[in-house]
Amino acid sequence: MCNGDEHFRVPGSGGKQLNTSLSRFPPNARQQSGRPNGRSLSAHYWNQPAESLIAELHTTPHGLDAKEAAQRLDEDGPNTLRYRREVTPLQVLLRQFSSPLVLILIGAAFISAFVREWIDATIIFVIVCGSVLISFTQEFTASRTIEKLTQRLTLRATVLRDGETQSIPVQEIVPGDVVLLSAGSLVPADGIVLEAKDFFVNQAALTGETFPVEKMPGVVPVEASLVGQTNSVFMGTSARAGTARVLIVQTGAGTVYGQLAQRLTLRPPETEFERGIRHFGYLLTQLMLALTLIVLTANLLASKPPIDSLLFSLALAVGLTPELLPTIIALNLSRGARYMAKDGVIVRHLNAIENLGSMDVLCTDKTGTLTEGNVSLTGAVDVQGVASTDVLHTAYLNAYFQTGLANALDQAILAQAEQMQVALAGYSKVDEIPYDFVRRRLSVVVHSPQEDDCYLITKGALDNVLEICDRVQKQKEIAPLDVACREQIQQQYQTWSAQGIRVLGIATRQLPCRTSYSRTDETGLIFVGFLLFFDPPKADTPKVIADLSRMGVQVKIITGDNRLVAKHLAEIVGMDTVSVLTGMELNTLRDEALWHLAERTTIFAEIDPNQKERIILALQKRQHVVGYLGDGINDAPALHAADVGISVEHAVDVAKEAAGLVLLQPDLDVLRKGIEEGRKIFANTLKYILTTTSANFGNMFSMAGASIFLPFLPLLAKQILLNNFLSDIPGMTIADDRVDQEWVETPHRWNMHFVRNFMVVFGLVSSVFDYMTFGMLFLVIRLSPEMFRTGWFVESLLTELVIALVVRTRRPFFRSRPGRLLWLSTLLIVILTLAIPYLPFVTALGFVPLPWPIMALLIAITLLYVATTEVVKHYFYRHASDVL
C-alpha cells in the first residue's frame, strides 16, 4: 500500500473567423503604410531588436507616462478598426430617404409636378415627409438606446503607465504602450514580445492554425510570414496560456487585422429571423412587380389617363408593402434590449435577441449558473483523507504566487488559508509554469527560507498531477506510487466526486535553485494530498430548469468536471441523469453518430475545450437553435458557433467579445426572462407583418381588379397613400403590444409558408368584402366617382384598422387584450376616418361628404367583416398545415 521508509518534509510552516490564410500574404503586404493609427516606423518591425523599437517609439520598457500617452491618443486616434463618429440626427434623417419605397413616392411626386398636378404632388410630398418623420423619430431613439447600453460593456487592457500597472479601455492604447497579457486576454493591438513565460496565443482568426502557438522574445527574418513571426502578437487574437509583456507598435487600422478589414466587408452570420425577412422581401418584390405591370397594362388598354394610371399602379405597389417593417423591427429590438438591461442582460448584438426567442437548447457549464458560484475549500487532506495543515500551506503557496488567470479555486484556497491564519513563512517566488488546457495543471517554484534548495509545487486536475508523480507522501514518509496506491487514490476520488465535491491533486518536488524552470521539470514529483471544493446549487435552479423545460428549452450541461460531480449536481436540480457522455466517449464517435446522440444527451462531462464546439454544431445539425453560456478562455469557439452566445460580466475578455448577450449576474432566471422578451419581440414583429400584409394584399388586390372593371379609378394615388399612412400609425405601437401567454410558452421559428398562406387567405377574405362594397356603392346605389372613392376609402381604412385587433391573436379577439397604445391609436384613427368626409379641406384630396345612411352601411359591412374573419381565423389555425 502507500507506505515506505524514505523521509521527506513537505514545505510548510508546520510541515469569446476570418477565412483568409493571412499566413500566405507576402511580408511586404503587411508593411507599415503611412500612419493610420500608428507612429512613423520602419518596415518589418518583427526583424528589429526590442531595444531599437523602444528607442524608435520614444518609449521605455516600463511604458509611457500618462501625459505622453494622452498626446499620442489625440494625434493617432483611438485604437479601433474604424473611427466611429457619433451619428447625428441629420444623418439618421437623410438615411430615411434611402428607402426604395420613399424614393418611389418622391418620384411619383415629381411626375405629378411635371404634369402640373400641383395638389397631387403636394399631398404625396406631405405624406412622404410624415412617414419619414415618424421613422426618423423612432430610429434615432432606438439607436441612442442601444448606444447607451453597449457603452456599459467596455473591454479593458492592463498597461504600464507612469511605471505602474493600470487598467484602461482598449480604445486608449497607443503605440509605445507596454501591455501585460495573461491567459484569457484579448490582444488589443499589434506588438512585439518583450518578456514571456510559456506564452501561447490562439491566432486562428488570422492564420487558420489549429493549435495555439508559443510566442517569445527575439528577432525573426524579414521574410517571415505571420505564422513565422513568433516574436509578434496581433490584434484580434487571444492569449491561451502563460504571461507576457508586449510593446505595442501598431494600433487600429494600422494593424494586420485592421488592414485586412479594409479589404473585406465583414458581416455577422445571418440569423434565421433575418433570413426569413429576406425571403419575405423577395415574395413582396415579386408581387409588387406583377401587380404594377398588370394593373398599368390593363388601365392603359382601357384608355384611362396614362399619368393617373402610372401613379395609381405605383401607389398600389407601395400600398402592398409594409414599409415600416424595418422601423418596427428596430423598435422591437431596442425596446427588448432596454427591458433586458433592466433585468441585468446587456445586448451586444441586436440579432441575438431574435435567436434568443427561437432557442430550444441551452448548453451551459454548471459553475455560477446552476451553482452559487461561491466555491469554498472544504478540505485540504493528505493521501489518507486526513485534514493536513501542510497540504493547505503547500496549496496556499501555489495559489498565492501564481500570476495567471484569476479563478474561483485559487480564491477559495486563499480565503481558507487566511481564515486558518496560514502565512508565507518566508517563502519567496522563483519562477512559474503557467496553466494550460493540455497539461491542466499549474506549477510555481518557491525558495525555502530554511534550505538552499527550491520546491516545485504543482496543483491541477487529479489525473494530470498523478501522471507526473512517482511517489506519495504518507504522514512523514515517502512511498512508491504503485498500482495499489493509485487505486486507493482513485477510490477516494470517486467517493468524493459522487458527493458533488470537486477534487484537485497537489504534488511537490525538491530541486536545485536556478533562475528559470520549464514543463520538463514537472517529473518525478511526490503526491502529497487532495484539495476538496464544493459549490452548492442555487436554491432556485430546480424551478428555473423546470420553467425553461415548460418553455420548450432543454438545458444541457457541458463541463470539464468528471461525470460523477456533474451527475450529482444534475440529480439535485432535477435534470435527467441517465444520458451522460464523456469526452473520451465522444472522441470515438463519428459526426453522424454524434448528431443523434447529442440530442438525447443531457450531461457532457470531462469535455475538452475543442469538443464544446463540436457538440454545438451537432445539435444545430438536428435543426435546434442552440444557446451557449460560457465565461472561460476555452469557451470562445463554442460561443461563436452557437446561435446565441451568452457570457457574464466577470468573464474573460475573449468570451465577452464572442458573446451576443452578457449577463450582469450569472443567473439562469435572468436568462429565462430574456427568452420571454425575445419571444415577445418575435411575436410583435410577426403581428405587424401578418396584419399589414394580409390587409394590404386584400385592399390592393381589390383595387387592382376594380380598376380594370370600373370606368374610373377606384381610388386616386394620393388617397391610397393617405390610407397607407394613416393605417401605419397604429402599426407603430405594435412594439408595445401585449403578447398572449402561448407565444411565450414555446419557441417559434420563421415559417415562410405560414406567412404566405396567412396573407393569401385573409387577404382574399378582405377582398370578398371589398367587392361587396364595390357592388353596393356602384351597382346598387350608383354613386358618383367622387362619392364612390370616399366611401371605399372609409371602408378600406376601417377594415384595415379593426381587423388588426382580430388577427393579432390566435384567441378570440375579445379574449386577448391589446396594448394600451395600440387600441388608443386605433380608436383615434377610426374616429378620424369617420370624420374625414366632413372636414373642410378634404376636397383637395378628392373626397366629398357621405350621406349618413351610406356611412351606416359601411360600418355594418365592417362589423360583418370582423365576425367573418373571426370564424375564418378559428378554422385557419385548426387546419393550417404550416404553423409557427
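Note that the coordinates shown come from a computational prediction; the quantities given were computed from them, not determined experimentally.

Definitions and limits used
Residues numbered from 1 in each chain as written. Predicted model: local features only at pLDDT ≥ 70, side-chain atom pairs only at ≥ 80, totals over all residues. Heavy atoms only, no water. Helix = DSSP H or I, 4+ residues; strand = E, 2+ residues; numbered from the N terminus. Buried < 20%, exposed > 50% of the residue type's maximum accessible area, 1.4 Å probe, protein only. Areas by Shrake-Rupley, 256 points an atom, 1.4 Å probe, with all protein chains shown as cover. Disulfide = S-S within 2.5 Å. 1 Å grid on protein atoms, 1.4 Å probe; cavity = no way out; pocket = protein on both sides within 12 Å on 5 of 7 lines; lining within 4 Å. Points joined across faces, edges and corners; volume = space filled by probe spheres on them. Nonpolar A, V, L, I, M, F, W, Y, C, P; charged D, E, K, R; others polar. Phe/Tyr/Trp six-rings, centres within 6.5 Å; stacked < 30°, edge-to-face > 60°. Pairing = 2+ DSSP bridges. Axes fitted to C-alpha atoms, helices over the stretch in contact; angles between N-to-C directions. Contact = heavy atoms within 4.5 Å. Polar contact = N/O pair within 3.5 Å; in protein donor to acceptor, adjacent residues only side chain to side chain. pLDDT = per-residue confidence, 0-100. Salt bridge = Lys/Arg side-chain N within 4 Å of Asp/Glu carboxyl O.

Caption draft 1: Here's a closer look at the overall build of the chain. Regarding its fold elements, the chain presents 29 helices and 24 strands. In the chain, which comprises 884 residues, the proportion classed as buried is 56%. In the structure as shown, the chain presents an accessible area of about 37,200 Å², 58% of it carried by carbon and sulfur atoms.

Caption draft 2: The arrangement of the state of the cysteines in detail. Tallying each qualifying case throughout the model produces one disulfide. For Cys454, the disulfide goes to Cys513, at an S-S distance of 1.9 Å. In this structure, the disulfide formed by Cys454 and Cys513 twists by about 110° around the S-S bond and is classed as right-handed. Separated by 59 residues along the polypeptide, Cys454 in strand β14 (residues 454-461) and Cys513 in the loop between β17 (502-511) and β18 (525-534) bring together distant segments of the chain. Judged by relative accessible area, which is 0%, Cys454 ranks as buried. Here Cys513 falls in the partly exposed class, since its relative accessible area comes to 36%.

Caption draft 3: Up close: empty space enclosed by the protein. Its volume calculated, the largest cavity comes out at about 150 Å³. Looking at the largest cavity, it is lined by 13 residues, and the ones nearest its centre are Thr691, Thr692, Ser727, Gly731 and Ala804. The element contributing the most residues to the lining of the largest cavity is helix α24 (residues 717-731), with four residues. Residues that form the lining of the largest cavity fall into these classes: six nonpolar, five polar and two charged. Here the second largest cavity is characterised by a volume of approximately 90 Å³. In terms of lining, the second largest cavity is formed by twelve residues, of which the most central are Leu690, Trp743, Val807, Arg808 and Tyr877. Considering each element in turn, the lining of the second largest cavity owes the most residues, four residues, to helix α23 (residues 668-709). Class assignment for the residues of the lining of the second largest cavity results in eight nonpolar, one polar and three charged.

Caption draft 4: Summary view of the packing of aromatic side chains. One pass over the full model with this rule turns up 23 aromatic pairs. Relative to Phe788, the ring of Phe778 lies with its centre 6.5 Å away and its plane at 85°, an arrangement referred to as edge-to-face. Within this pair, whereas Phe778 is found in helix α26 (residues 752-780), its partner Phe788 is found in helix α27 (residues 785-807), the two being separated by ten residues in sequence. According to the relative accessible area criterion, Phe778 is partly exposed, its value standing at 24%. Ring geometry for Tyr838 against Trp852: centres 5.2 Å apart, planes inclined by 15°, an arrangement best described as stacked. Here Trp852 lies in helix α29 (residues 852-879) and Tyr838 lies in the loop between α28 (820-835) and α29, a separation of 14 residues in the sequence. What makes Tyr838 partly exposed here is its relative accessible area of 32%. A residue is classified by how much of its surface remains accessible, and Trp852, at 61% relative accessible area, is exposed. Connected via pairs of aromatic rings, a cluster forms that spans Phe712, Tyr771, Phe774, Phe778, Phe788 and Trp792.

Caption draft 5: Looking closely at the sheet that holds strand β19 (residues 554-558). The strand order across the open sheet built from eight strands is β9-β24-β23-β22-β10-β19-β21-β20, with neighbouring strands paired in mixed fashion. In this open sheet, the two strands that pair with only one neighbour each are β9 (345-347) and β20 (580-582). Strand-to-strand twist in this sheet, taken as the mean axis angle between neighbours without regard to direction, amounts to 20°. One ladder, built from four bridges, connects strand β10 (residues 361-364) with β19; its direction is parallel. Of the residues in β19, the one forming a bridge with Thr364 is Ile557. The strands touched by helix α19 (residues 591-600) within the sheet are β19, β20 and β21 (603-605), with β19 carrying the most contacts at an inclination of about 115°.

Caption draft 6: Seen up close, the pairing of β14. In terms of burial, β14 is a largely internal element, eight of the eight residues being buried. Connecting strand β13 (residues 441-447) to the antiparallel partner β14 that follows it, the hairpin turn spans six residues. Note that β14 and β17 share eight bridges and pair antiparallel. Each bridged residue has a counterpart across the sheet, and for Thr458 the counterpart in β17 is Ala507.

Caption draft 7: Broad picture of the side chain of Thr508. Residue placement: Thr508 occurs in strand β17. Here Leu456 takes part through its backbone oxygen, which lies 3.1 Å from a polar atom of the side chain of Thr508.

Caption draft 8: Focus on the confidence of the model for the chain. Here the chain shows a mean pLDDT of 81. Residues at 70 or above account for 82%. Of all secondary-structure elements in the chain, the lowest mean pLDDT belongs to strand β1 (residues 6-7), at 35, while β18 reaches the highest, 95. In the model, residues 263-267 has pLDDT below 50 throughout and makes six contacts with residues more than four positions away in sequence or in other chains.

Caption draft 9: Fine view of the pairing of strand β22 (residues 626-629). Neither face of β22 is exposed, since Val626 and Tyr628 on one face and Gly627 and Leu629 on the opposite face are all buried. As paired strands, β22 and strand β23 (residues 644-648) are joined by three bridges and run parallel to one another. Residue pairing for β23: Leu629 is matched across the bridge by Ile646.

Caption draft 10: Structural detail: the environment of Gly552. In this structure, Gly552 sits in the loop between α16 (541-550) and β19. Between the C-alpha atom of Gly552 and that of Ser358, which follows or precedes it by 194 residues, the distance is 9.7 Å. Apart from the residues lying within four places of it in its own chain, the contact partners of Gly552 are Asp360, Glu745 and Pro747.

Caption draft 11: Region of interest: the pattern of salt bridges. One pass over the full model with this rule turns up 24 salt bridges. Asp521 is the salt-bridge partner of Arg514, the closest N and O atoms lying 2.7 Å from each other. With relative accessibility at 39%, the residue Arg514 sits in the partly exposed group. Note that Arg563 and Glu585 form a salt bridge whose closest N and O atoms lie 3.2 Å from each other. Pair noted here: Arg563 is in helix α17 (residues 563-572) and Glu585 is in helix α18 (residues 583-587), with a separation of 22 residues, a long-range link. For Glu585, a relative accessible area of 33% puts it in the partly exposed group. One network of salt bridges, in which partners are shared, links Arg439, Arg441, Glu467 and Glu522.

Caption draft 12: Examining the environment of Thr230 more closely. Checked against the element boundaries, Thr230 lands in the loop between β6 (213-215) and β7 (232-233). As for Thr230 and Val201, which are separated by 29 residues in sequence, their C-alpha atoms are 10.0 Å apart. Setting aside residues no more than four positions away along its own chain, Thr230 makes contact with Glu214, Lys215, Met216 and Val220.

Caption draft 13: Quick peek at unusual backbone geometry. The phi torsion at His58 lies on the positive side, around 55°, for a residue other than glycine. Examined against the element boundaries, His58 turns out to sit in the loop between α1 (50-56) and α2 (66-76). Although it is not a glycine, Arg782 adopts a positive phi angle of roughly 55°. Note on placement: Arg782 falls in the loop between α26 and α27. You can call Arg782 exposed: its relative accessible area is 64%.

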